[in-house]
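# Remarks on the overall topology
In case you want the letters, here they are:
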Amino acid sequence: MALLSSILALRRDARLLKIPPYLSAFCIVVGVVWLLILPLNEYSRRTYVSENALLPGQVHTYFTGSEHDVFRAYRHEVHGLIDRSVEERSKAFESIFLEQNLKVATQKYNYTFGNHSITNENVYAILQGPRADATEAIVLIGAWKNMDGEINNSGVALVLTLARYFKRWSLWSKDIIFLISADSTIGPQAWVDAYHNGHDETQVESLKIKSGALQGAVAVDYPAGPWGHRYDKLHVVYDGVNGQLPNLDLFNTAVQIAGGQMGIDCVIQRMFTHDDSYKERLLTMLRGMISQGAGHATGPHSSFIPYHVDAITLVTVGDGWHDEMSLGRTVESLFRSLNNLLEHLHQSFFFYLLLHSKRFVSIGTYLPSAMLIAVNFSITAMALWVKSGRPDTSPSNPASTKPPIKAWNDEKKRFIGVKEPVTQDKPTSSKETPNSTDTEVVKDGNAISIVPKSATKITERPLLTPVLILLGIHALGLAPLYYFNYWDTDFLYGIFLTGANISTLMPIVLAFVFYWGPETPISQQKITLIQCFSLLLLGMFLAALATLNFSLSFLIGVLTTPLSFVRKSKSAALTWLQLVILAVLNPIMVAQWSCKLLGLDVAEVLRLAATGWHVWGMWTQVVVWLVWAPAWVMGAMVVAGGLFD
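Going along each chain's sequence as written, the residues are numbered from 1 onward. Note on the predicted model: pLDDT of at least 70 is required for a residue's local features to be given, and 80 or more for side-chain atom pairs to be given and counted; whole-chain, interface and lining totals, by contrast, use all residues. Excluding hydrogens and water, the side-chain values take into account all heavy atoms of the structure.

### Digging into the overall build of the protein chain
- Along the backbone of the protein chain there are 20 helices and 15 strands.
- What sets the accessible areas is the Shrake-Rupley method with a 1.4 Å probe; for residues, cover comes only from the shown protein chains. Total accessible area on the protein chain stands at roughly 28700 Å², and carbon and sulfur atoms take up 60% of it. The way it works is that DSSP assigns letters per residue, a run of H or I at least four long becomes a helix, a run of E at least two long becomes a strand, and they are numbered from the N terminus.

Below, the structure is given as structure tokens:
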């Protein structure tokens, strides 16, 4: 058996191109099933603290007794500032910090984009550690308004009380910064940008005083009224901007201190009743993936994580018997643990999925699921590349499916037709060798095979036109990226509706231009190459994105899986069916029905996305408009070609 003839025959075997769709479907199914089995005990692990220096819960806390009276006094004082102006409120906080002999400063910021302007002021104070040399610092944050827009009355009062309490201790080996931000997302972002000199001085004021490198940050969200409110559990919020996460050791330390030392149950992802069942674990994981995939800020801590500052937010929820003293002792013990660190947190995981406050999945376990989804696009792209190189892809040509193959037979002393290519050694002469315009003699040493010329013919692929079309459609994504981020926020919903109409009609218009335009109709080979390059880029982008934001890569990968299977069809019913499926999975339509399912207002989501672009540096929009949307347009355009063929 000659290997060369076998390979040449295999290239023309139509059965070879029937394998990739099944292989792509197999990768998709395995990738989804892989994710669904992660909540099982066999594929997840219990959380643990890797950094031994943290020693969570190993110290005795003293925040009690007389500090309770101080806290209640501050709480009433904070409540009296609700109706005051920003300047009066800032001066009141400054005077409180100055009474405690702390270095105090304010910071103003004014973000303006479109017709929207955000102006406010932060107040912060620095406690110089008696055993510190101003090279490292920890941040305690109390936002004036929490993520729900409520006044963080008790949270701010607790920060002021802890500032007074921490000042009396001489054990601190790091500086402690107390930050009273104007809100939960924009204020902390302005402050941390200015702290690391990454701000725009025309919008954000530089900081007047600074300390050392930030080692961690903890935010307190306790929106109780002037008379206080007891809570039941602590909701630990840990999602950062663009899906980034803090070191798992910080999260585990907070959970271990709150649950083990203080007896406070901890919950995550707003799963306030978690029975640790498979269903609850899966729902918690999916909620975390949606939050990370969106890439928005979820609390004051989110702005710190992009600067490699591990941070979390502690939110009080429910009605129970825990009060502000237990929360204060939790923060004290957590700061005592961070105070023990000799270096930045690095031992534990930075990439993980939490199933429960005490159970997680590491990156090595969950990453293959997104990679398998991305690989399916590459498999389809390679199959389309092979198909584009065939000289005749028409199904009406029987020779293109089963080419006649002839080989020498020593027993009969002649060439015979065989189903599989067979070659044998033989003495041959030119008289015995069949020759025609449709066949070609292929020699491999002493072996000889006769195969159709179409099996060895090299078909030129016109790459310029498909590449230009690919680049042009990707460049069109810059238009919605600009308008949704820079246009007046009052008109964003109108732009959204316009974009929905344009994106739905664009594939049909492009297909009409390419098939019925003034120039020669585009060939099927070029259409195949366009789809090939589009899927190849999509697979590469999603594979790279999976290592940065697994959740966003997986979600977009699942929503774009039909692009691997849609094809141009001569059947009008099949063409319209494919177009309807793709219309539902249009990125703009996905945003529409996702907001409906989650009970969100589309206009508010668009405004927050624009704010995230300008303030938080959120790049989810880049992935949507420059990766997902162009791939969708090209896939729909290929299908729409069947309407004009």
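### Some details on the packing of aromatic side chains
- Each Phe, Tyr or Trp ring (for Trp, its six-membered ring) is paired with any other whose centre lies within 6.5 Å, and the angle between the two planes then decides the class: stacked below 30 degrees, edge-to-face above 60, tilted in between. By the definition in use, this model includes 27 aromatic pairs.
- Taking 5.9 Å as the distance between ring centres and 50° as the angle between the ring planes, the aromatic pair formed by tyrosine 165 and phenylalanine 166 counts as tilted.
- Arranged with centres 5.3 Å apart and planes meeting at 5°, the rings of phenylalanine 484 and tryptophan 625 form a pair that is stacked. Taken together, the residues phenylalanine 484 in helix H13 (residues 478-486) and tryptophan 625 in helix H20 (residues 620-640) connect sequence positions 141 residues apart.
- The rule is simple: take the accessible area with a 1.4 Å probe, protein chains only, and divide by the maximum for that residue type; under 20% is buried, over 50% is exposed, in between is partly exposed. Assessed through its relative accessible area of 13%, tryptophan 625 is described here as buried.

### What about the sheet that holds strand E9 (residues 311-322)?
- Strands are treated as partners if at least two bridges between them are detected by DSSP. Here eight strands make up an open sheet; going across it, the order is E2-E3-E5-E4-E6-E9-E7-E8 and the pairing mixed. The outermost strands of the open sheet, each flanked by one partner alone, are strand E2 (103-113) and strand E8 (265-267). When strand polarity is set aside, the average angle formed by the axes of neighbouring strands in this sheet is 25°.
- Relative to strand E6 (residues 213-221), strand E4 (residues 136-141) runs parallel, the two being bridged by six bridges. The residue bridging valine 139 from the neighbouring strand is alanine 217, located in E6.
- Its contacts with the sheet place helix H4 (residues 86-99) against E2, strand E3 (116-127) and strand E5 (175-180), and it is angled at close to 10° to E3. Lines fitted to C-alpha atoms define the axes here, with helix axes fitted over just the stretch in contact, and angles between the N-to-C directions of these axes take values from 0 to 180 degrees. The contact rule is simple, with two residues in contact once any of their heavy atoms fall within 4.5 Å.

### Details of the nonpolar core
- Residues Met285, Leu353 and Phe550 are the most contacted members of the largest nonpolar core, which totals 68 residues.
- For this core, the element with the highest residue contribution is H20, accounting for 15 residues.
- Beyond its immediate chain neighbours, meaning those up to four positions away, methionine 285 contacts Leu35, Leu38, Pro39, Leu353, Leu354 and Leu355.
- Here, nonpolar core means buried Ala, Val, Leu, Ile, Met, Phe, Trp, Tyr and Cys residues that are tied together by side-chain atoms lying within 4.5 Å of each other. Counting residues in hydrophobic clusters, the runner-up holds 66 residues, among them Val78, Leu102, Leu334 and Leu354.

### Topic: the UniProt feature "transmembrane region" (unreviewed entry) in the protein chain
- Under the UniProt annotation, "transmembrane region" (unreviewed entry) lies at residues 21-40, 366-386, 463-485, 491-516, 528-552, 572-590 and 622-644.
- Between the first and last C-alpha atoms of residues 366-386 the distance is 32 Å; the span itself is 100% helix and 0% strand.
- The span residues 491-516 carries 96% helix and 0% strand; its end-to-end C-alpha distance comes to 36 Å. UniProt positions are given in the numbering used here, feature names are shortened, and annotations may be inferred rather than shown by experiment.

### So, the packing of helix H12 (residues 464-476) against helix H15 (residues 524-546)
- In contact at an axis separation of 9 Å, H12 and H15 are set at 50° when each is read in the N-to-C sense. Accordingly, the angle class assigned to the pair H12 and H15 is oblique. Crossing of H12 against H15: the hand is right-handed. On H15, the residues touching Thr465, Pro466, Val467, Ile469, Leu470 and His474 of H12 are Lys526, Leu529, Ile530, Phe533, Ser534 and Leu537.
- In this classification, the charged set is Asp, Glu, Lys and Arg, the nonpolar set is Ala, Val, Leu, Ile, Met, Phe, Trp, Tyr, Cys and Pro, and all remaining amino acids, among them Gly, are polar. Among the residues forming the contact of H12 with H15, the class breakdown is eight nonpolar, three polar and one charged. Put simply, angles under 35 degrees are roughly parallel, angles over 145 are roughly antiparallel, angles from 65 to 115 are roughly perpendicular, and the rest are oblique. Here a crossing is taken to be left-handed if its near helix is turned anticlockwise relative to the far helix by less than a right angle, and right-handed if that turn runs clockwise.

### A look at the environment of asparagine 197
- Tracing the sequence through the fold places asparagine 197 in the loop between helix H6 (186-195) and E6.
- A C-alpha to C-alpha distance of 9.0 Å links asparagine 197 and leucine 207, two positions ten residues apart in sequence.

### Points about the side chain of glutamine 531
- Position of glutamine 531 relative to the elements: it lies in helix H15.
- You can call glutamine 531 buried: its relative accessible area is 6%.
- With near-sequence residues (within four places) excluded, glutamine 531 lies in contact with Leu384, Leu563, Val566, Arg567 and Val638.

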